[in-house]
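Commentary on secondary and tertiary structure
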Amino acid sequence: MEIDISLLFEEPMLDAIAILKIQPLAPLSMVNNLPGSYYKTESIPTKFMLSGLFENLLGWHFSKEDRAKIFKEMKKRHKKNFKQELEKEESEAGYQSLVGYYFQLVSPTFVPILQYYEDLWSQHLIGGDQRHADGAINYDWRLENERNIIKSKMKSKELTEKDFGKFFMDNRALFPLYYRSVPKREFIIAKGNYMFRININRQLLSLLQTACFDMNIGYLGTSEGWVDISFREGLTNG
């Protein structure tokens, strides 16, 4: 599948005004930083979250390494062609926005009535010690006997977690790539819609409107935070 990112090498003119309506279709959990054992949600999507929403609608599912390469080329082209020095835009969680230069939020924002609750959330992580071995539900059956012996000796204090970590690293290829952690996460149920007024690049707006018409499958916060999106175009800026 060919992905068109030519927009990113055009001048980021905010030459249109639109009202963005987001209708949550499921509970949302919009975490804005790197939490510890508790994932607290924001009540309003941040610009980084909206950037991620837009990029997902456009099919821009790029790795961190690819984003860095694309931004490097953007920076070079924008400086040469438009005399603009782009600054890297990166969230606290490490997400680097590419489309964020092409829209801007304008206050005020309409926020629906929100109901908060907590739930356990299954998180997939990669580790290099005993946490990964303990968190992995499945592993190669050939490890079962040795694993049980090590666990038994840990209970009797003959071995430590460090020994179990070494066992894991020695047999890394026989464990799943990810292990599971189950922290607490805060969610919200939105009774109504979010409404944002945005100044936006007209070409980006057109691409997003087409994406919404073809396949409106956006999400916010988590891959289960499904939302319906629509744009109502306003006056032209400038």
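Refer to the preceding data block for the structure.
The following paragraphs examine the structure supplied in this document. Everything quoted here is computed from the prediction, not taken from an experiment.

**Notes on the packing of aromatic side chains**
Taken as a whole and judged by the stated rule, the model has 12 aromatic pairs. With centroids separated by 5.7 Å and ring planes inclined at 40°, the aromatic side chains of Tyr139 and Phe175 adopt a geometry described as tilted. Of the two residues, Tyr139 is situated in the loop between helix 3 (130-135) and helix 4 (144-155) and Phe175 in the loop between helix 5 (161-170) and strand 6 (179-181); the sequence distance between them amounts to 36 residues. Owing to a relative accessible area of 22%, Tyr139 belongs among the partly exposed residues under this scheme. The class for Phe175 is buried, based on a relative accessible area of 6%. With a centroid separation of 6.2 Å and an interplanar angle of 85°, the aromatic rings of Phe167 and Phe175 are classed as edge-to-face. Within the aromatic cluster, the residues linked to one another by ring pairs are Tyr139, Phe164, Phe167, Phe168 and Phe175. Arg77 extends its terminal NZ or CZ atom over the ring of Phe9, reaching a point 4.6 Å from the ring centre.

**So, the layout of surface pockets**
The calculated volume of the largest pocket comes to roughly 980 Å³. Contributing to the lining of the largest pocket are 31 residues, with Val31, Ser91, Ala93, Tyr95 and Gly221 lying nearest its centre. Looking at the lining of the largest pocket element by element, the count peaks at six residues for helix 1 (residues 47-57). Residue classes in the lining of the largest pocket are distributed as 14 nonpolar, 13 polar and four charged.

**Some words on the nonpolar core**
Membership of the largest hydrophobic core comes to 41 residues, with the highest contact counts inside it found for Leu20, Ile22, Ile200, Leu204 and Phe231. With residues up to four places along the chain from it excluded, the contact list for Leu20 reads Leu50, Phe54, Tyr194, Met195, Phe196, Ile198, Ile229, Ser230 and Phe231. Formed by nine residues, the second largest nonpolar core is a distinct cluster that contains Leu143, Met154, Phe167 and Phe175.

**Details of the pairing of strand 1 (residues 16-24)**
The pairing of strand 1 with strand 8 (residues 194-200) spans seven bridges and is antiparallel. Its bridge partner being in strand 8, Ile22 is matched across the sheet by Tyr194. Relative to strand 10 (residues 226-233), strand 1 runs antiparallel, the two being bridged by seven bridges. Bridge pairing in strand 10 links Leu20 to Phe231.

**Remarks on the sheet that holds strand 4 (residues 113-120)**
One open sheet accounts for three strands, arranged 2-7-4; its pairing is mixed. Of all the strands in the sheet, just strand 2 (38-39) and strand 4 have a single pairing partner and so form its edges. Summarising the sheet, strand 2 and strand 7 (residues 184-191) pair through two bridges and their orientation is parallel. Pairing of Tyr38 across the sheet is with Lys184, part of strand 7.

Definitions and limits used
Within any chain, residue numbers begin from 1 and follow the written order of that chain's sequence. Only residues with pLDDT of 70 or above have their local features reported here, since the model is predicted, and side-chain atom pairs are shown and tallied only from 80 upward, although totals for entire chains, interfaces and linings are computed over all residues. Side-chain numbers come from the whole structure's heavy atoms, not from hydrogens or water. Two aromatic rings from Phe, Tyr or Trp, using only the six-membered ring of Trp, form a pair when their centres are within 6.5 Å; if the ring planes differ by under 30 degrees the pair is stacked, by over 60 it is edge-to-face, and anything between is tilted. The secondary structure listing takes helices from DSSP runs of H or I that are at least 4 residues long and strands from runs of E that are at least 2 residues long, numbered from the N terminus. Note on exposure labels: buried denotes an accessible area under 20% of the residue type's maximum, exposed denotes more than 50%, and partly exposed covers the range between, all computed with a 1.4 Å probe on protein chains only. Charge-over-ring placement is defined geometrically: NZ (Lys) or CZ (Arg) within 6 Å of the ring centre, and within 35 degrees of the ring normal. Cavity and pocket criteria rest on a 1 Å grid covering protein atoms alone: a 1.4 Å probe that fits but cannot get out defines a cavity, protein on both sides within 12 Å along at least 5 of 7 lines defines an open pocket, and an atom within 4 Å of a point defines a lining residue. Grid points are joined across faces, edges and corners, and a volume is the space filled by probe spheres set on the points. Note on residue categories: nonpolar means Ala, Val, Leu, Ile, Met, Phe, Trp, Tyr, Cys or Pro, charged means Asp, Glu, Lys or Arg, and polar means any other residue, Gly included. To define a nonpolar core, start from buried Ala, Val, Leu, Ile, Met, Phe, Trp, Tyr and Cys residues and group those joined through side-chain atoms within 4.5 Å. The contact rule is simple, with two residues in contact once any of their heavy atoms fall within 4.5 Å. Pairing between strands is defined by DSSP: at least two bridges between them are needed.

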